[in-house]
Structures are given as C-alpha cells and as structure tokens.
Amino acid sequence: MNYLSAIGKISWGYIFIYISLNLGTINIFPAWAGFLLIYLSLDAVAEMQPSAKLLKPFALLLLAEDLAEWVLNIFSMTPDLYWIDVFANVIILYFHFQLLTNLANIAEGQGSQYAERLKKLRSVQTVFMTVIALIPVSKRAAITLAKSGLVVFGIGLFGVIVMLVICVTLFQYKRELRGMEQNASLAAE
C-alpha cells in the first residue's frame, strides 16, 4: 500500500471512529472498523515516519476493546468497564496525538499546506479529550456541568466541530497528495 492509499484509509478510519450511527443497538459505523483501517495503513505511514510502527499494538488494543463493547451492545449487555475505559482513554489520547503528529511531520516534509493545521488540530483535540476525560474525576465539575445544559451542549458542539475539521483536513490532505502525485507524473513525461 502506498502513502496516498494509507491517508485515504486513515481518513475513513477517523469517520468510523468519530461518527456513531445506531440502528437499534447496533452501531453501523463502529469505531473498531476505524481502528482496523488505521492499523492496515500504519506500515505505509511508518515507511515515512518509523515511529508510526509503535502505534500498531495500540491500534489492535483499541480495535479489540471497541469490538468487544460493540458485540456486548448487540446483546444489550453493558457491563461496568470503568477501569478498562480509563485505560482505553489514555491509549486513545496517545494514539491520536502520535498519529496526527506523524501525519503532520510527513505533510511538513512534503511541503503540504495542511501540515500546520494538522499540528494545531492534534493539540486542540488532545487538550479537549483530556478535559473531557477528567470531568468525571471532579465531582464538582460534573455536578456543575449537569446543571448547565447550555455548557454541555457547547462542549459537545465544540467536540463535533473539532472532529469534523480533522476529518475534512485529512480528506483535503489526501486530495492534495493526489494532485502532487499527478503533477509529478506529468513532469516526468
């Protein structure tokens, strides 16, 4: 698989990770499918950024955790997996931070106009996900947020916007790469 194909798979992987569309109890856009797409792309990314290879076991772990949760939801089983969720959240934070860092570094090396945006989105997403993960730890913050529906709505809206901008940026980066590839082939002729 070449890098352009890998970016396409990663872009779709993020769609699966971020979008939750349920048909009854079944999520028809399961996050585990997104982690699988990203896992399959990591070798091509690692050819340009070797540290991306370190993400493979984390992608498998996240895939397995989400797949197990997805299967349990199909059978309407919702066990209390608090510590597994906490552990998964830590891995997710690292995983997204490192993957977006690798992609931004590659984009920067290619002279892409999306390199800086990927870095900024990586940082915003990391701070946002960290704050969201810490809210349940603070009872005062959780109670305050529970009383203020507007704040919860605002936080949710901000999260959706960040996720959409990440997905759009990845697809734009892929289109830019395709253009670079076509220009290179035209120049070679």
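Residues numbered from 1 in each chain as written. Predicted model: local features only at pLDDT ≥ 70, side-chain atom pairs only at ≥ 80, totals over all residues. Heavy atoms only, no water.

(A) Quick peek at the packing of aromatic side chains. What the rule picks out here adds up to eight aromatic pairs. On the basis of an interplanar angle of 70° and a centroid distance of 6.3 Å, the ring pair of Tyr 3 and Tyr 173 is categorised as edge-to-face. Here the residue Tyr 3 occupies a position in helix H1 (residues 3-18), and Tyr 173 occupies one in helix H7 (residues 149-188), the gap between them amounting to 170 residues. A single burial state applies to Tyr 3 and to Tyr 173, both of which are buried. Between the aromatic rings of Trp 32 and Trp 70, the centroid separation amounts to 5.3 Å while the plane-to-plane angle is 65°, which identifies the pairing as edge-to-face. With Trp 32 in helix H2 (residues 31-48) and Trp 70 in helix H3 (residues 56-74), the pair connects residues that are 38 residues apart, well separated along the chain. (Phe/Tyr/Trp six-rings, centres within 6.5 Å; stacked < 30°, edge-to-face > 60°. Helix = DSSP H or I, 4+ residues; strand = E, 2+ residues; numbered from the N terminus. Buried < 20%, exposed > 50% of the residue type's maximum accessible area, 1.4 Å probe, protein only.)

(B) Just the pattern of salt bridges, in detail. Tallied over the entire structure, the rule returns three salt bridges. For Asp 43, the salt bridge is made with Lys 53, and the minimal N-O distance between the two is 2.8 Å. Within this pair, whereas Asp 43 is found in helix H2, its partner Lys 53 is found in the loop between H2 and H3, the two being separated by 10 residues in sequence. With a closest N to O distance of 3.0 Å, Lys 119 and Glu 108 form a salt bridge. One end of the pair, Lys 119, is in helix H5 (residues 115-134); the other, Glu 108, is in helix H4 (residues 82-109), with 11 residues separating them in the sequence. Under the relative-accessibility criterion, Lys 119 is labelled buried at 19%. Among the residues examined, Glu 108 registers a relative accessible area of 43% and is labelled partly exposed. (Salt bridge = Lys/Arg side-chain N within 4 Å of Asp/Glu carboxyl O.)

(C) How the structure looks around the nonpolar core. Counting 44 residues, the largest nonpolar core has Tyr 14, Leu 99, Leu 103 and Tyr 173 as its most contacted members. Secondary structure elements with two or more residues in this core: H1, H2, H3, H4, H5 and H7. The contact partners of Leu 99, leaving out residues within four places of it in the chain, are Ile 10, Tyr 14, Ile 38, Leu 42 and Leu 55. (Core = buried A, V, L, I, M, F, W, Y, C linked by side-chain atoms within 4.5 Å. Contact = heavy atoms within 4.5 Å.)

(D) Expanded view of H2. Between its terminal C-alpha atoms H2 stretches 26 Å, which fits the 26 Å expected from 18 residues at 1.5 Å a residue. Within H2 the residues assigned to the buried category are Ala 31, Trp 32, Ala 33, Gly 34, Phe 35, Ile 38, Ser 41, Leu 42, Ala 44, Val 45 and Ala 46. (Expected span 1.5 Å × (residues − 1).)

(E) Main features of the confidence of the model for the chain. For the chain, per-residue confidence averages 88 on the pLDDT scale, and residues scoring 70 or more make up 90% of the total. Per-element mean pLDDT across the chain ranges from 63 in helix H6 (residues 139-147) up to 97 in H2. (pLDDT = per-residue confidence, 0-100.)

(F) Looking closely at the side chain of Thr 101. On the secondary structure map, Thr 101 appears in helix H4. Of the residues examined, Thr 101 reaches a relative accessible area of 12% and is grouped as buried. Of the polar contacts made by the side chain of Thr 101, one reaches the backbone oxygen of Phe 97; its length is 2.7 Å. (Polar contact = N/O pair within 3.5 Å; in protein donor to acceptor, adjacent residues only side chain to side chain.)

(G) Main features of the environment of Val 162. Looking at where Val 162 falls in the secondary structure, it is placed in helix H7. The spatial distance from the C-alpha of Val 162 to the C-alpha of Asn 27 is 21 Å, given a sequence separation of 135 residues. In contact with Val 162, not counting residues within four places along its chain, are Val 124 and Gln 125.

(H) Examining the layout of surface pockets more closely. For the largest pocket, the calculated volume is near 950 Å³. Taken together, 36 residues make up the lining of the largest pocket; nearest its centre are Ile 17, Tyr 18, Asn 89, Ile 92 and Met 163. At the level of secondary structure, the elements contributing two or more residues to the lining of the largest pocket comprise H1, strand E2 (26-27), H2, H3, H4, H5 and H7. Among the residues making up the lining of the largest pocket, the classes are represented as 22 nonpolar, 10 polar and four charged. (1 Å grid on protein atoms, 1.4 Å probe; cavity = no way out; pocket = protein on both sides within 12 Å on 5 of 7 lines; lining within 4 Å. Points joined across faces, edges and corners; volume = space filled by probe spheres on them. Nonpolar A, V, L, I, M, F, W, Y, C, P; charged D, E, K, R; others polar.)

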